[in-house]
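# Report on the structure
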Amino acid sequence: MSSAQQLLLTAIRSEIEHFTHLAMASAIVGDISRFIHRLQRERGASTIYLASRGQRFAERRTRYLADSREAEAIMRERLEALSAEARPQASPRLLHRIAALWFALDELPALRTAVEGFAIKPDAATQAFNQLISGLLAVVFDAADSSADPEITRTLVAIFHLMQGKELAGQERACGAYGFTQGHFDATHRALHKRLIIDQQRCLDTFLEFAPSETQDEWHNALPAACYRDIEALRALAGRTDPSAPLSGERQNETRDVWYALTTQRIDALKTLEDGLTAQLTALCHRKIERAQASLEHARKTPRRTPNAPCAQLLGISDTQTPLGELTESMLTSNLGRSLVELTQAQASRLQNLSDELENTRKALRERKLVERAKGVIMAHQQMSEEQAYRFLRKTSMDQSRSMADMAQSILDLSTMLTPKGGGLT
């Protein structure tokens, strides 16, 4: 076997190993997805349990706690198997992140004990759960960052932003549950609630940009329109309810229960999308492994071609007066020449396509960050809502025949020259 063939086989084996690593990372993402969902339910129930001093959700919290422990055990089992491997099927960065997560998981029993004994305030408990879930999401982010395959990268980016949006929706549920249980929202919780709504929408918009078309179709049918309308109505009520005008006792209990039920329905719908996308990711990784293995078998079975040595061809000219140009053409169209040229072209094209797709993905993320930052500047200086700021940015870019990213960069460059509403841009 020639060195070139050996290198080709080595390259394919390396590709198989990379996809195998990604398949393992995808399995970890699936375990984390299930565990986060259970933790989110435990967090919501714990918030109401603490805010009501144990009068509400005691039994439900106990049930959710058992579910969380079950999901945690499954996740830990996979991670322990990963740590026991001689050559772990994960990147060093992902392993470091998992190790840091493990230390955080070891503190979870103490948090649960504090909740059980009312030794922690609702906000502090929620924040502790938030930090743990944030660490779990960081593992998903590193899994996405370790992929060198554009299709898998896009799916992982979609999953990460869907999970992040769903987590922010869970935080909104906890924040709303606390406020409606109290009968009012103070200024701090009203501001938090508003920020959570904006941030989760940003994540879900990014998810839709990278999600496969079938997942986007499922998204539009995930919840009935009436459910969205009712959630929006309660969001508006949360923005109006303050200590000076608390809800009455009966309305307080009814509103809290309706809020929790509706937001739970929405989070469960997001989880269904998450499960479907995670299943697509796993299937995608295994399809790529199978294709690479088939390529490896084909490369092994393909008989090695032994063309004539260049010197033999030159000596074979004898008395025929073959022009050197034709000789060169003959060499290039020989089996060896064709194989080398086709291999070089195919590899170059594949690498270029891979590079282009990855760069397009990164460019889309960079441009989205620019647009979001520009929207924030416009909102701050022009007293606009997020939707108004977006429409303003889009209209301005269209009027000037520029992309939104270019317009956003210009606004950021000139942000120090923005004046309060009425003064416009100078």
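Notes on the structure follow. Given the structure is predicted, the values throughout are model-derived calculations rather than measurements. (Residues numbered from 1 in each chain as written. Predicted model: local features only at pLDDT ≥ 70, side-chain atom pairs only at ≥ 80, totals over all residues. Heavy atoms only, no water.)

## Describing the overall build of the protein
Within the protein, the secondary structure is distributed over 15 helices and zero strands. For the protein, the residues scored as buried account for 41% of the 426 residues in total. Of the accessible surface of the protein, which amounts to about 22700 Å², a share of 54% is contributed by carbon and sulfur atoms. (Helix = DSSP H or I, 4+ residues; strand = E, 2+ residues; numbered from the N terminus. Buried < 20%, exposed > 50% of the residue type's maximum accessible area, 1.4 Å probe, protein only. Areas by Shrake-Rupley, 256 points an atom, 1.4 Å probe, with all protein chains shown as cover.)

## Remarks on the packing of aromatic side chains
By the definition in use, this model includes five aromatic pairs. Ring plane angle 85 degrees and centroid distance 5.1 Å describe the contact between F180 and F185, whose orientation is recorded as edge-to-face. Pair check on accessibility: F180 and F185 agree, each one buried. Both rings, one in F207 and one in W219, keep their centres 5.8 Å apart while their planes meet at 70 degrees; by these two values the pair is edge-to-face. Taken as a pair, F207 in helix α7 (residues 187–210) and W219 in helix α8 (residues 213–220) lie far apart in primary sequence, 12 residues in all. Among the aromatic residues, those joined into a ring-pair cluster are F180, F185 and W259. (Phe/Tyr/Trp six-rings, centres within 6.5 Å; stacked < 30°, edge-to-face > 60°.)

## Things to note about the pattern of salt bridges
Applying the stated criterion across every chain yields a total of 25 salt bridges. One salt bridge connects E72 with R112, and the closest N-O pair in it is separated by 3.8 Å. Separated by 40 residues along the polypeptide, E72 in helix α2 (residues 58–83) and R112 in helix α4 (residues 108–116) bring together distant segments of the chain. Accessibility assignment for this pair places E72 and R112 in one class, buried. Among the salt bridges present, the one from R202 reaches E386, with a minimum N-O distance of 3.9 Å. You can see R202 sitting in helix α7 and its partner E386 sitting in helix α14 (residues 386–399), a full 184 residues away along the chain. We classify E386 as buried; its relative accessible area is 17%. Overlapping salt bridges, with partners in common, bring together E42, E72, R76, D106 and R112 in one network. (Salt bridge = Lys/Arg side-chain N within 4 Å of Asp/Glu carboxyl O.)

## Quick notes on the environment of R97
Mapping R97 onto the fold places it in helix α3 (residues 92–105). Through-space distance from the C-alpha of R97 to that of A143 is 9.9 Å; in sequence the pair is 46 residues apart. Setting aside anything within four residues of it in sequence, one finds R97 in contact with A138, V139 and D142. (Contact = heavy atoms within 4.5 Å.)

## Side note on α4
By the burial criterion, the buried members of α4 are L108, L111, R112, A114 and V115. Buried residues in α4, looked at end-on, bunch into an arc of 160 degrees, giving them a common side. What points out from α4, more than 90 degrees from its buried face, is the exposed set A110 and T113. Of the residues flanking the end of α4, it is F118, one or two places downstream, whose phi is positive at about 55 degrees. (Arc of directions from axis to C-beta.)

## Describing helix α9 (residues 225–240)
The end-to-end C-alpha separation of α9 is 23 Å, in line with the 22 Å expected for 16 residues at 1.5 Å each. Along α9, the positions that sit buried rather than exposed are C227, I231, L234, R235, L237 and A238. Burial along α9 is one-sided: seen end-on, the buried residues are contained in an arc of 160 degrees. For α9, exposure combined with an orientation more than 90 degrees from the buried face picks out R229 and R240. (Expected span 1.5 Å × (residues − 1).)

## A look at the side chain of T206
Of note, T206 is situated in helix α7. Dropping the residues within four chain positions of it, T206 is found in contact with H161, L365 and R368.

Any functional reading would require information that these geometric values do not contain.
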